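Each chain, letter by letter, is given below.
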Amino acid sequence: MRDRSSVSIIFNSGSIVLIRRIERPDDPWSGQIALPGGFAKPGESNVECAVRETREEVGILLGMGSLVGEMGPFHPFRFPHISVFPVLFRISEEVELRPGPEVAEARFVPLHDLRPDYLGEHPAFRYRDWYIWGLTFRILQELLGNSNLLCRLYSGQ
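Just so it is clear, the structure is predicted and the values come from calculations on it, not from any experiment.

A. Main features of the overall build of the protein. A tally of regular secondary structure across the protein gives 3 helices and 10 strands. Ordering the α and β elements of the protein from the N terminus gives β-β-β-β-α-β-β-β-β-β-β-α-α. Against the compact-globule benchmark of 15 Å for 157 residues, the protein has a radius of gyration of 14 Å, which places it among compact chains. Its C-alpha atoms give the protein principal-axis dimensions of roughly 40 × 40 × 30 Å.

See below:
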C-alpha cells in the first residue's frame, strides 16, 4: 500500500470543503466525511498531490497563490504506516463544487457550524446530517486549536 497522501483544507469566507466518499467495499473509509485528497504519485510533492486530488474530487483548480501552508503528518489509527499531510489553501472567489467519481457529495461547511458530538464512542464534529470523525476530526480539531493557522486563513497571508 502507498504510504503518503495529502488532503486539502480549502478555506473560503469562513467555510471549508468537505466531501462524502462514495461507498465501495474495497475502501476502508467508504461513505465517510473527509477532506478532498488521496495518495501521492511517485515524485509528487504534498502540495502537487493536494492540488491534483482536489481537481479530481471536487473540480476546484487551485493555484500556488492560494497556498497558505501545510500541517502534519497525521496517521490513521488503523493504518499507522500512512502519513497524511493536510495542505491549506485560501480561495476568495466563489466556486462550484463538482464531485468526481469517488465523491458522493461535496459541501462548503462553515467552521463555526461544526458542533462537538460523538459518533458512537468516537469524538466527532456534527454538521447537519454529517458526522466528521476519525482522522478528519483530528485534523480539524488541530486546525481549530491553532490560532496562528486560523489567522493566516482568515487574513489571507
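B. Quick look at the sheet that holds strand β8 (residues 115-119). Reading across the sheet, the 3 strands line up as β8-β9-β10 and stay open at both edges, with antiparallel pairing between neighbours. Each having just a single partner strand, β8 and β10 (130-133) make up the two edges of the open sheet. The sheet shows a mean angle of 45° between the axes of neighbouring strands, taken without regard to direction. Sheet topology note: the strand β9 (residues 122-127)/β10 ladder contains 4 bridges and is antiparallel. Within the sheet, the bridge partner assigned to Phe125 lies in β10 and is Ile132. Packed on one face of the sheet, helix α2 (residues 134-144) meets β9 and β10 and runs near 80° to β10.

C. Inspection of the packing of aromatic side chains at higher detail. For the structure shown, the criterion picks out 2 aromatic pairs. Ring centres 4.7 Å apart and planes at 70° place the aromatic pair Phe11 and Tyr154 in the edge-to-face group. You can see Phe11 sitting in strand β1 (residues 4-12) and its partner Tyr154 sitting in helix α3 (residues 147-155), a full 143 residues away along the chain. Under the relative-accessibility criterion, Phe11 is labelled buried at 2%. Accessibility expressed as a relative area gives 47% for Tyr154, which makes it partly exposed. With a centroid separation of 4.8 Å and 45° between ring planes, the pair formed by Phe125 and Phe137 is classed as tilted. Pair noted here: Phe125 is in strand β9 and Phe137 is in helix α2, with a separation of 12 residues, a long-range link. Given a relative accessible area of 8%, Phe125 falls into the buried group.

Calculation criteria
Residues numbered from 1 in each chain as written. Predicted model: local features only at pLDDT ≥ 70, side-chain atom pairs only at ≥ 80, totals over all residues. Heavy atoms only, no water. Helix = DSSP H or I, 4+ residues; strand = E, 2+ residues; numbered from the N terminus. Rg over C-alpha atoms; globule rule 2.2 N^0.38 Å. Pairing = 2+ DSSP bridges. Axes fitted to C-alpha atoms, helices over the stretch in contact; angles between N-to-C directions. Contact = heavy atoms within 4.5 Å. Phe/Tyr/Trp six-rings, centres within 6.5 Å; stacked < 30°, edge-to-face > 60°. Buried < 20%, exposed > 50% of the residue type's maximum accessible area, 1.4 Å probe, protein only.

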